[in-house]
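Listed here are the chains, written in short residue letters.
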Amino acid sequence: MIGLVALHAVFGTIGLACGDRLGRRCLLLGAIAPAATFVWLIVQLGEVFDGIAVVQSVEWVPALGLNVDMRLDGFAALMVALVAGIGVLVYGYAAVYFPTGRVDLGRLAALLTFFAGSMVGLVLSDNLIVLYGFWELTAVTSFLLIGNAHTDGRARAAALQALLVTSAGALAMLVGFVVLGQAAGTYRISELLSDPPSGTAVEIALGLILVGAFTKSAQYPTFRWLPGAMVAPTPVSAYLHSATMVNAGVYLIARLSPAFADVAWWRPVVVSVGLYTMLDAGMRAMRQTDLKLLLAMSTVSQLGLMVAVFGLGTEISVTAGCELLLAHALAKAAAFMVVGILDHQHGTRDIRLLPRPTSGWGLTTAVTFVTAASMAGIPLVLGFIAKEEVLEAFDEAPGWAAPVALVAVVVGSAFSVAYSIRFAMGAVGRMNGRGSAFTADLSHGPPPTLFVAPAVVLSMITVVTGVVPGVLDTLIDAAASSLDPAVRDVHLEIWHGVNQPLVWSVTAIAAGAVMYLRRERVDVWLVRLQPSPVSSSTTYRSSLRGLNSAANRVTGVVQSGSLPIYLGVILLTAALVPGLLLVSGEWWPDSVEVVGTPVHAVIAAVILGGALAAAAVRRRFTAALFLGVVGYAMAGLFVIQGAPDLALTQVAIESLTTVLFVLVLRRLPDRFESVTPLWRRGLRVALAGAVGVTVFGLAMSAGSERPTTPASDTMVERSYPDGNGRNVVNVILVDFRGYDTLGEITVLTAVAIGTVALARAGRRPSTTGAPAASDSGGYGTAPPPLQVSRLVTLEVSTRVVFVIVMVGSLYLLFAGHNQPGGGFVGGIVAGAAVALLYINGGITEVRRLSRGQPWLVLGAGLLIATVTAVVPLLFGGSLLEGAAYTLDPPLLGEIKLTSAQAFDAGVYLVVVGLVLMMFESFGDDPPLSDAAPDRDPAHLESSRSETRVS
C-alpha cells in the first residue's frame, strides 16, 4: 500500500519533468498509477470480502505512536474503487477535453496524479497523524489544481479560499486527533474504534475533528469554497469536487460515527448540520443557470445528506450511507463530464443559451438523463436504491426529533428532483431563449465517441446496479460491516413492497416535478425563504479584509525597518524571560570552581579580549578578524575538554566564515557608522550587559546540575553494536538522530536557495562601475576594488594545498564514523579548500571545480541522504534503518561499509554545495591588473598555459 502511494509520487514527478514534451500523452502516463491501484484492489477483494483486512505497518517513531499504518477493509476498498476507478476514467476524459498544445498540461496531469496518490493514502491510513498528513496533501494539490490558471485572478482567489477554509478546519482537526489519540492511548484508528474512549476531553476532540470534516465536505456555513472551485477545469471538478476529495469529510464521519454516535450531542449536531446544508444548497441549486454551478450546489446538498445519514450511526444508516456514497460519485462524475462536453462543444454552460441536441448527441443525451435520474432517485437507477435506504434509515432513526429529520430529508429530496430535472432540461436545450440559435452557430458539432465514453461507462454502472442491485451486495456488505460489525447480510432489491419509504420517495418525486413545472413562482418563494440571511461569501471577504487591516496595523508598529530595533527586541526578550525565571529560584551552585586548569584562564582571557576588541574597533574587517579569534579560542577550549569533533568543526567553520565575511564586507563601507547618539550607545551597552549576565547565570545554573543521562549512556553503549561506529557523535548524527539531520540539511538547502535569491535580487548593475548605494549600506561609499596580479608561485602553492585539504576532507568523511570527523566537518574543510581557490583565482577558479551548477551539488547531496533514509522502507525496514557490509578484497584486507557512510556523503555534498552557492552569490572575479589592461580573459588563460609549459 505504501508502494502504491509512492507509485503515484513517481509518476507525478515524471509528469512534472516530461509532461510538456509528451502533450496529451502525459495524461495517459498519469493514469498508470490509478490503474495499477485499481488492479491491486481487485486482487485484494477476495480477502476483503471475507472480512480480512489487508494491513501494512512501518515503524517511524514508535515511542510516540507515529507509525505508517495502512489498512484496507471493506469501506476503504469502496473508497479506493472510487478514487482509482473514476480516476482512470477522468484521465481518459481529460485526454480528449484538453487541447494538444496546452502549455500547462504536464503540470496539470502531474498534480492530478499527486492528488490521486494523496486520496489513496488518506482512505488507506490507519493512523490519525498519517491520515492528517494525506488530508493536507489533498488540500495542497487541490489548491494547485483550482489555481492552475494562475494568471486568472478568479482562479487564484478561489484556490486561496479553498485552501484557507479547509486548512483552518484541518488545524482544528489535528488538535482533535492529538487529544483523541492521547485519550485512547493509541493513534491507530482500528484500535481506537474497537475500544472507543470517553470523557470530556474526547467530546472536545470529536468537536474539533468535526470542524475539519465539515469544512472538507463543504457543510454550512463553510460551503462557499466549493462553488468557487468551479473555476477549475471540468475534469478537475469531476474528479476532486464530486467523487473524491469532498467525500473525505464524509469518510471520516462514517469512520467515527458508529463508535461515537452514543455521545449525547453527536447525532443532533451532525444530523442538523447535514440536513441544513442539504436544504440550503438544494434551494440554491434550483436557481442556478450555469450547469456547473448547479452541479456544485447539488453536490453540496448531497454531501449534507451523506453527512446526516452517516451521522445517525445506526446499522441501516451505515448501509444506506455506503450506497448513497457510491451512487452519488458515479452520477455526479458523469454529470460533470456532460457539462464539460457541452462547454467544450458549444462554448457555454448557460442553460439559457444551450441549443437542443442534433444528430450525434444521442450518447450524451442518454448519459444526461441517466445521471439526472440517479441524482433525483428515480426507479431503475442506483440513486433510487440508495434514496430508499436513506429514507428507511431516517424512518427508523432513534430520538424524538427523528420525524422532523425525516420530513427534512423528504423536502431535500424534492429539491434534488427539481434541480435534477432542471439540469437535464437545461443540458438538452429545453430551457433556452433567443440566444440558442446563436450558440448553435458557434457549436463545434457532436462530441467524439471517445469523449463521451468515460461518462457512458459510469452511466452503465449506474443503470446496471439500479436494475440488478444484488451485484453490489458483497461490496456494500463488506463496506458497511467494516464500519459497524453489527451489520450482517446486506441484500439490495428494487422492490420492497408498498412501504413507508416508498411513499415518501414518491411524494418527493411528485413534489419535485411540481416545483420544476412551477419554477417561476417557486423561485420567488425560494428567494424569500432562503434560510441563509447572511452570505458566507460576504463573511469570508470581510474576514480577509479585517485580517489584512489588523496585519497592516501590527506590522506598521513592529516592522519599523530598523535592524538594531529588531535585534534589540529579540535579545531583550531572550534576556528577560529566562532571566526572571532564573532569579525566582535557587540558581547559584553551592560550590564554584572558577578555574579548572591554568589553560582555562588563558583561553578565557583570549575570548574576552577578542570580544571586547570586536566591539571596540571601528573597521568592519578588523572586527571580523577578532570574532575569528574568539571562535578559535573556543575551539581550544573544546580540545581541552576532550571534544575533538567539536574543535575540528569549530576551526573549519571559523576559517570559512572569515572568508565569507570578507566577501560580504567588501560590499560595505570600510568603517562602522560613526554618528551614534550617546543615549543609544548606553542602551546597547545595557542590553548587551543584560544578555551577558543572563547567559552567565544560565551557564552557572546548568553547570551545577548533574542529572542522570540514561539516553546518552545508552547511545554510548550502543554506538558500535547498533550503529557500527565508534565515534558516538557521528553515529548520533547519521544513525540514532539521522532523521533530525535530514531535516536540518533540508532546511539548510532551503536557506541556501533563499539566500542566493536575495543576494542576486539585491545586486543592481552600475553604469559607472562604482558600487550602488545599496552596496554601501547607505553610510557612504564602499572602497574601490583593488587591482591584483596573478602570481605563478601563489597558484602552484594554492593548488598543492587545495589537493591536500580536499584529501583531508575526504579522510574526515570516510573516517568520521570511527574517528573524529564526519560529513559535516569534512564538507566544511572542503569549503575552506574552495575558499583557497577563490582567493587565488576568483570565481572562475571556483566554477571549474564542478561541471554542474552549485545547486546541483546541493540537490545531489540532499537526494543521496533522502534516498538512503527511505530505501529501507521498500524492504520492510524502518526509516533510516542502518545496514553494514563487509568486504575482503585482496591486499586491502577487510573493509566495512555502512549505509550511514552514504548518508554522511549526502551531508558532505550539501555543505560543499552550500559553500559553492555562497561564492556564486557574493564572489566576483578579481579585475585585471593595470599592467595588462588590454588583455581579455581568453588571452590571460592562454598566457597562463604558456607559463606552465615553460
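As the structure is a prediction and not an experimental result, all values here were calculated from the model.

## A short note on the overall build of the protein chain
So, step 1. Tallying secondary structure elements over the protein chain gives 38 helices and four strands in all.
So, step 2. Across the 950 residues of the protein chain, 47% fall into the buried class.
So, step 3. Summarising the internal contacts of the protein chain: among those between residues at least 6 apart in sequence, 79% fall at separations of at least 24.
So, step 4. About 44300 Å² of surface is accessible on the protein chain, with carbon and sulfur atoms providing 67% of the total.

## So, the nonpolar core
So, step 1. One finds Leu72, Phe75, Trp266, Phe394 and Phe423 to be the most contacted residues of the largest nonpolar core, which totals 183 residues.
So, step 2. In contact with Phe423, other than residues within four places in its own chain, are Leu291, Leu294, Leu295, Ala335, Val338, Val339, Thr368, Thr371, Ala372 and Met375.
So, step 3. Counting residues in each nonpolar core, the second largest holds 40 residues, with Leu656, Ile745, Ala830 and Val907 among its members.

## Thoughts on the environment of Ser921
So, step 1. Tracing the chain through its elements places Ser921 in helix H37 (residues 899–922).
So, step 2. In this structure the C-alpha to C-alpha distance between Ser921 and Ala759, which are 162 residues apart in sequence, comes to 6.0 Å.

## Quick word on the confidence of the model for the protein chain
Interpretation of this model should avoid reading the predicted coordinates in detail wherever pLDDT is low.
So, step 1. Counting all residues, the mean pLDDT for the protein chain is 82, and 88% of those residues have values of 70 or more.
So, step 2. In this model, residues 766–783 is a region of pLDDT below 50 whose contacts with residues beyond four sequence positions or in other chains number 22 contacts.
So, step 3. A low-confidence stretch, residues 925–950 stays under pLDDT 50, and its non-local contacts, those more than four residues away or across chains, total 29 contacts.

## Some points on the packing of aromatic side chains
So, step 1. Per the counting criterion, the structure on display carries 10 aromatic pairs.
So, step 2. Where Phe75 meets Phe310, the ring centres are 6.1 Å apart and the plane angle is 65°; that geometry is what we call edge-to-face. One end of the pair, Phe75, is in helix H4 (residues 74–97); the other, Phe310, is in helix H14 (residues 291–312), and 235 residues separate them in sequence.
So, step 3. Ring-pair connections join several aromatic residues into one group, and the members of that group are Tyr93, Tyr97, Phe98 and Phe451.

## With respect to a positive patch on the surface
So, step 1. Together, Arg618, Arg671, Arg680, Arg681 and Arg684 give the surface a local cluster of positive charge.
So, step 2. Structurally, the position occupied by Arg684 is in helix H29 (residues 678–704).

## Concerning the pattern of salt bridges
When the charged atoms of two side chains lie near each other, side chains of opposite charge can form a pair.
So, step 1. According to the stated counting rule, one finds nine salt bridges in the structure shown.
So, step 2. With its nearest N and O atoms 3.9 Å apart, the salt bridge here joins Arg154 to Asp152.
So, step 3. We classify Arg154 as exposed; its relative accessible area is 58%.
So, step 4. In this structure Asp152 comes out as partly exposed when scored by relative accessible area, which is 27%.
So, step 5. One salt bridge connects Arg349 with Asp290, and the closest N-O pair in it is separated by 3.0 Å. Of this pair, Arg349 sits in the loop between helix H15 (315–346) and helix H16 (362–376) while Asp290 sits in the loop between helix H13 (266–285) and H14, and the two are 59 residues apart along the sequence.

## Some points on the packing of helix H28 (residues 644–665) against H37
So, step 1. Put simply, H28 and H37 touch, their axes get as near as 10 Å, and they point 20° apart. When the axis of H28 is compared with that of H37, the two are roughly parallel. H37 is crossed by H28, and the crossing has left-handed handedness. In this structure, H28 uses Leu656, Val659, Leu660, Leu663 and Val664 to contact H37, whose residues at the interface are Val915, Met918, Phe919 and Phe922.
So, step 2. Among the residues forming the contact of H28 with H37, the class breakdown is nine nonpolar, no polar and no charged.

## Some words on H4
Spacing of three or four residues puts side chains on the same side of an α-helix, whose turn is 3.6 residues.
So, step 1. Given a rise of 1.5 Å per residue, 24 residues ought to cover 34 Å, and the 34 Å separating the end C-alpha atoms of H4 matches this to within 8%.
So, step 2. The buried count for H4 comes to 20 of 24 residues, which makes it a mostly enclosed element.

## What to know about the side chain of Ser301
So, step 1. Along the chain, Ser301 turns up in helix H14.
So, step 2. By relative accessible area, Ser301 is classed as buried at 0%.
So, step 3. If we ignore the near neighbours within four places in the chain, the residues touching Ser301 are Thr277, Met278, Ala281, Gly282 and Tyr419.

## Some details on helix H17 (residues 382–395)
So, step 1. The end-to-end C-alpha distance of H17, which contains 14 residues, comes to 20 Å, matching closely the 20 Å that a straight helix rising 1.5 Å per residue would cover.
So, step 2. Among the 14 residues of H17, 12 are classified as buried, and the element is accordingly described as predominantly covered.
So, step 3. By the burial criterion, the buried members of H17 are Leu382, Gly383, Phe384, Ile385, Ala386, Lys387, Glu388, Glu389, Val390, Leu391, Ala393 and Phe394.

## Re a nonpolar patch on the surface
So, step 1. Judged by side-chain polarity, Leu572, Leu576, Val577, Leu580, Leu581 and Val583 come together as a nonpolar surface patch covering roughly 590 Å² of accessible area.
So, step 2. Position of Leu572 among the secondary structure elements: in helix H25 (residues 563–583).
So, step 3. Given the relative accessible area of 40%, Leu572 is considered partly exposed.

## Points about the packing of helix H31 (residues 728–736) against H37
So, step 1. Where H31 meets H37, the closest approach of the two axes is 9 Å, and the angle between their N-to-C directions is 85°. Compared by their axis directions, H31 and H37 come out roughly perpendicular. Here Asn730, Leu733 and Val734 of H31 lie close against H37, whose contacting residues are Ala900, Phe903 and Asp904.
So, step 2. Class assignment of the residues belonging to the contact of H31 with H37 gives a composition of four nonpolar, one polar and one charged.

## Quick notes on unusual backbone geometry
So, step 1. Here the residue pair Tyr220 and Pro221 is connected by a cis peptide bond, since its omega of 5° sits within 30 degrees of zero.
So, step 2. Checked against the element boundaries, Pro221 lands in the loop between helix H9 (200–216) and helix H10 (225–228).
So, step 3. Even without being a glycine, Leu380 presents a positive backbone phi close to 75°.
So, step 4. Tracing the chain through its elements places Leu380 in the loop between H16 and H17.
So, step 5. Although it is not a glycine, Asp489 adopts a positive phi angle of roughly 50°.
So, step 6. As for its position among the elements, Asp489 is in the loop between helix H21 (473–483) and helix H22 (500–517).
So, step 7. According to the relative accessible area criterion, Asp489 is exposed, its value standing at 69%.

## Observations concerning empty space enclosed by the protein
So, step 1. Applying the stated criterion across every chain, the model contains five cavities of 30 Å³ or more.
So, step 2. Of the voids in this model, the largest cavity is the one considered here, and its volume is about 80 Å³.
So, step 3. Forming the boundary of the largest cavity are Gln302, Leu324, Ala327, His328, Ala331, Lys332, Ser374, Met375, Gly383 and Lys387.
So, step 4. At the level of elements, H15, H16 and H17 are the ones that each hand at least two residues to the lining of the largest cavity.
So, step 5. Looking at the lining of the largest cavity, its residues break down into four nonpolar, four polar and two charged.
So, step 6. Approximately 70 Å³ is the volume found for the second largest cavity.
So, step 7. Taken together, the elements giving at least two residues each to the lining of the second largest cavity come down to H15 and H16.

## Points about the environment of Ala614
So, step 1. Tracing the sequence through the fold places Ala614 in helix H26 (residues 598–616).
So, step 2. Sequence separation between Ala614 and Phe626 is 12 residues, and the spatial gap between their C-alpha atoms is 5.3 Å.
So, step 3. Setting aside residues up to four positions removed in sequence, Ala614 forms contacts with Ala623, Phe626 and Leu627.

## Considering the side chain of Asp473
So, step 1. With respect to the secondary-structure elements, Asp473 resides in helix H21.
So, step 2. Despite its burial, Asp473 pairs with no opposite charge; the closest candidate is Arg488, at 15 Å N-O.

## A closer look at the environment of Ala162
So, step 1. Along the polypeptide, Ala162 turns up in helix H7 (residues 153–184).
So, step 2. For the pair Ala162 and Thr215, spaced 53 residues apart in sequence, the C-alpha separation works out to 9.2 Å.
So, step 3. Setting aside chain neighbours within four positions, we find Ala162 in contact with Ile146 and Trp225.

Calculation rules
- Residues numbered from 1 in each chain as written.
- Predicted model: local features only at pLDDT ≥ 70, side-chain atom pairs only at ≥ 80, totals over all residues.
- Heavy atoms only, no water.
- Helix = DSSP H or I, 4+ residues; strand = E, 2+ residues; numbered from the N terminus.
- Buried < 20%, exposed > 50% of the residue type's maximum accessible area, 1.4 Å probe, protein only.
- Contact = heavy atoms within 4.5 Å.
- Areas by Shrake-Rupley, 256 points an atom, 1.4 Å probe, with all protein chains shown as cover.
- Core = buried A, V, L, I, M, F, W, Y, C linked by side-chain atoms within 4.5 Å.
- pLDDT = per-residue confidence, 0-100.
- Phe/Tyr/Trp six-rings, centres within 6.5 Å; stacked < 30°, edge-to-face > 60°.
- Patch = residues over 30% accessible without salt bridge, like charges linked within 9 Å, V, L, I, M, F, W, Y side chains within 5 Å.
- Salt bridge = Lys/Arg side-chain N within 4 Å of Asp/Glu carboxyl O.
- Lys, Arg positive; Asp, Glu negative; His and termini not counted.
- Charge placed at Lys NZ, Arg CZ, Asp CG, Glu CD.
- Axes fitted to C-alpha atoms, helices over the stretch in contact; angles between N-to-C directions.
- Parallel < 35°, antiparallel > 145°, perpendicular 65-115°, else oblique.
- Left-handed = near helix turned anticlockwise from the far one by under 90°.
- Nonpolar A, V, L, I, M, F, W, Y, C, P; charged D, E, K, R; others polar.
- Expected span 1.5 Å × (residues − 1).
- 1 Å grid on protein atoms, 1.4 Å probe; cavity = no way out; pocket = protein on both sides within 12 Å on 5 of 7 lines; lining within 4 Å.
- Points joined across faces, edges and corners; volume = space filled by probe spheres on them.

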